[in-house]
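Take a look at the letters that make up each chain.
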Amino acid sequence: MSERKVRVRFAPSPTGALHIGGVRTALYNYLFARQHGGDFIFRIEDTDSNRFVPGAEEYIIESFKWLGLEFDEGVSFGGNHGPYRQSERRDIYKKYVQVLLDNGKAYVAFDTPEELEAKRKEIANFQYDASTRLSMRNSLSLPKEEVDALIAEGKQYVVRFKIEPNEDVHVHDLIRGEVVINSSILDDKVLYKSADELPTYHLANIVDDHLMEVSHVIRGEEWLPSAPLHVLLYRAFGWEDTMPEFAHLPLLLKPDGNGKLSKRDGDRLGFPVFPLEWHDPKSGEVSSGYRESGYLPEAVINFLALLGWNPGNDQEIMSLDELIRLFDLHRCSKAGAKFDFEKGKWFNHEYILRKDNAEVAQLFLPILKEHGIDAPMDKVITVVGLMKDRVSFIKDLWETCKFFFVAPTEYDEKTRKKRWKEDSPERMLELADVLEALDDFSLEHQEEVVMKWIADKGYHLGNIMNAFRLTLVGEGKGPHMFDISAVLGKEETLRRIRRAVEVLK
Ligand code: GLU
C-alpha cells in the first residue's frame, strides 16, 4: 500500500467564490503531490443543483491559474479518469448505488419530508438509524411487493446507507492520529435521490475517490465527521485495500478572538477572504480579492502555507520549490491557525523587496499609465529600486514615488516653515549654478562637488539639504538627495530649484 502512487484531489463544490481556506487546502494537496511526484486532480462536486452558482467553476480555475498551482488532471485539464464533473457521472453512481442495494448495505426509503418532520417532533433527537429505521417506511420495514409496487407507480424514494450500530470506526489521520468514532452516532445517510436521479455528496465523493484512485484525502477539518462514513462506505464496497489516508487540516481562525474565519471578518477588518474579486451573480455584491488588492501570488502562497504548518524552524520566506521540498503533513498543527492578515501584508512587502527591480517596474507601469505618466523604463527601474523597500503593495509606489515623475506644484506648509530659511532662496540659486556647471551629473560627482562647495563656503549642511529637498520633492520625505537629483537629471533639477525659489521667495 505504501508503494501506491500518490494521487490527491481538490474537490470544491461550485457554490460561490473560493474561500481562502479552500485555497490553503488546495495548496497543501498540491505541495504533497509535487513532493511525491504524484498527481493533483481537480474535481467539481456539483451534485447539489440547488446550491450551484454560475461562474463559480470558472472563478476557481482562474484563481489557481493566478496562483500558479497547476493541476495534472480534472475539469478543463483532461485525464483518463474523467469526466471530472460529478453532474456528468450520473450513470456511474447509479451503478454503485445498485451494488449497495444488491448486497444489502443500503435500502430504499419512502418517507416524505412531512413524515420525517413529524417524527422529529414526536421523538427528541430523532435520528434515522438502526434504532428507528424499522419504524419508518422503507424496504427493511415494508413487504417486498409493496416496495416494488411503490417504485413501479413512480413514488419518489431515497437510498440510505445501512449503518451497523455500535461499531468503533477507526480513521487513521496523518495529522490527528487515530480517530475513533462509534458508528451509532451516524445516521443512515441518504446516498441517492430518485427525484433528481442524482447521488448525494457522500456517495459521489467516495465513489470518485475510489475510481480516481485517490491515495490521500487532504481536506478541511469540517469534513472530519464525514471521515468514518468514508471508511464505512469503502468497506461496504469491498475497497478496503485502496482506502485513502486522511489528513484533516486545522481551521483558519479569526484574526481577533475565537471562531472560524468568515467573510464578515474580512469586511469588518478590511482584508480579502477570496483569491480574486468576486461578483456575486445573485446579490450583485462585489467582494475584494487578493489579486485585485495588489498581492503577489507568490506572497499569498507563502503566507497560506504557514497557516497551519511550519518547516520546524523559524524560516518564513520560502519559494514554491522550497515549500514543495519542505512540506510535511506530520508537521501540520491540530490547533486552528489564526489568520494574521498583517502578516500577509508583510509577506507581500518581502516579496516585492526580493523581486527584480525590472519585474517590479513592469508591474508599476500600468499604474503610472493610469496617472498619465509615460516614463522611460530605465528610469522606472531606478526609481523602483530606490523606493520599493517602502511599500507593501505595488500600487502604493505611486504615492511614494510620484515626485520622480511630476514636479511639485505646491510645497508642504509645515516643511516650508521649518526648513525654508531666510537665506534659502539665495543658497538655492547658488546651488543651481553649481549644478549647472557640471558635465557629469552622476550621483557621485554631484555629491562630491556640492559637498565641497558647502564646505568651502562654510554653509550649514542640514539647511542646504533640507531646502534642496523641499525644492525637488515639495515636502520633507524621500530617499538620499543626490539619488533624487540624479534620477531627475540636470535640466529637471535646475527647473525645480528655480521654480521653488520663485514660488517660495
Ligand atoms: N466538495 C467538498 C467541499 O467542497 C469536498 C470535501 C472533500 O474534500 O472531500 O468541500
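Up top is the structure.
To start, this report covers the structure provided alongside it. (Residues numbered from 1 in each chain as written. Predicted model: local features only at pLDDT ≥ 70, side-chain atom pairs only at ≥ 80, totals over all residues. Heavy atoms only, no water.)

### Let's talk about the layout of surface pockets
The space that makes up the largest pocket amounts to roughly 1200 Å³. P12, S13, T15, E222 and W223 are, among the 44 residues lining the largest pocket, the residues nearest its centre. The leading source of residues in the lining of the largest pocket is helix α1 (residues 20-35), at five residues. Tallied by class, the residues present in the lining of the largest pocket amount to 18 nonpolar, 14 polar and 12 charged. Approximately 400 Å³ is the volume attributed to the second largest pocket. Looking at the lining of the second largest pocket, the elements with two or more residues in it are α4 (113-122), β5 (158-161) and β8 (190-193). Ranked by the residues each element gives to the lining of the second largest pocket, the list is headed by α4, at three residues. Tallied by class, residues from the lining of the second largest pocket come to 10 nonpolar, four polar and seven charged. (1 Å grid on protein atoms, 1.4 Å probe; cavity = no way out; pocket = protein on both sides within 12 Å on 5 of 7 lines; lining within 4 Å. Points joined across faces, edges and corners; volume = space filled by probe spheres on them. Helix = DSSP H or I, 4+ residues; strand = E, 2+ residues; numbered from the N terminus. Nonpolar A, V, L, I, M, F, W, Y, C, P; charged D, E, K, R; others polar.)

### With respect to the packing of aromatic side chains
This model, assessed by the stated rule, comprises 29 aromatic pairs. On the numbers, 6.1 Å between centres and 85 degrees between planes, the contact of F42 with F77 is edge-to-face. Taken together, the positions of F42 in strand β2 (residues 39-42) and F77 in the loop between β3 (73-74) and α3 (90-102) put the pair 35 residues apart, joining distant regions of the chain. Arranged with centres 5.6 Å apart and planes meeting at 45 degrees, the rings of W309 and F327 form a pair that is tilted. Taken as a pair, W309 in the loop between α9 (297-305) and α10 (320-326) and F327 in the loop between α10 and β15 (337-338) lie far apart in primary sequence, 18 residues in all. (Phe/Tyr/Trp six-rings, centres within 6.5 Å; stacked < 30°, edge-to-face > 60°.)

### Describing the sheet that holds β5
One open sheet accounts for four strands, arranged β4-β5-β8-β9; its pairing is antiparallel. Strand pairing shows two members of the sheet lacking a second neighbour, β4 (106-109) and β9 (198-199), which therefore form its edges. Of the pairings in the sheet, the one linking β4 to β5 comprises four bridges and is antiparallel in character. Bridging from a neighbouring strand, A106 pairs with F161 of β5. (Pairing = 2+ DSSP bridges.)

### A closer look at the side chain of D39
Here D39 lies in strand β2. Here the side chain of D39 touches R7 through a polar contact of 2.8 Å, side chain to side chain. The contacts of D39, once residues within four sequence positions are left out, are K5, V6, R7, V8, A33, D72 and E73. (Polar contact = N/O pair within 3.5 Å; in protein donor to acceptor, adjacent residues only side chain to side chain. Contact = heavy atoms within 4.5 Å.)

### Some words on the environment of M318
By secondary structure assignment, the location of M318 is in the loop between α9 and α10. The spatial distance from the C-alpha of M318 to the C-alpha of F71 is 21 Å, given a sequence separation of 247 residues. Apart from residues no more than four positions distant in its own chain, M318 is found in contact with N302, L306, W309, P311, L323, L326 and Y351.

### Comments concerning the site of the ligand
Around the ligand sit R9, A11, P12, S13, E45, Y201, N205, R219 and W223, and that is every residue in its neighbourhood. Between an oxygen atom of the ligand and a side-chain N or O atom of N205, the distance comes to 3.0 Å. Take W223: an N or O atom from its side chain is 3.1 Å from an oxygen atom of the ligand. Look at the ligand: alone it shows 290 Å² of surface, and the protein chains cover 84% of it. Judged by its atoms lying within 2 Å of the grid points, the ligand is housed in the largest pocket. (Near = heavy atom within 4 Å. Areas by Shrake-Rupley, 256 points an atom, 1.4 Å probe, with all protein chains shown as cover. Sits in = over half its atoms within 2 Å of the grid points.)

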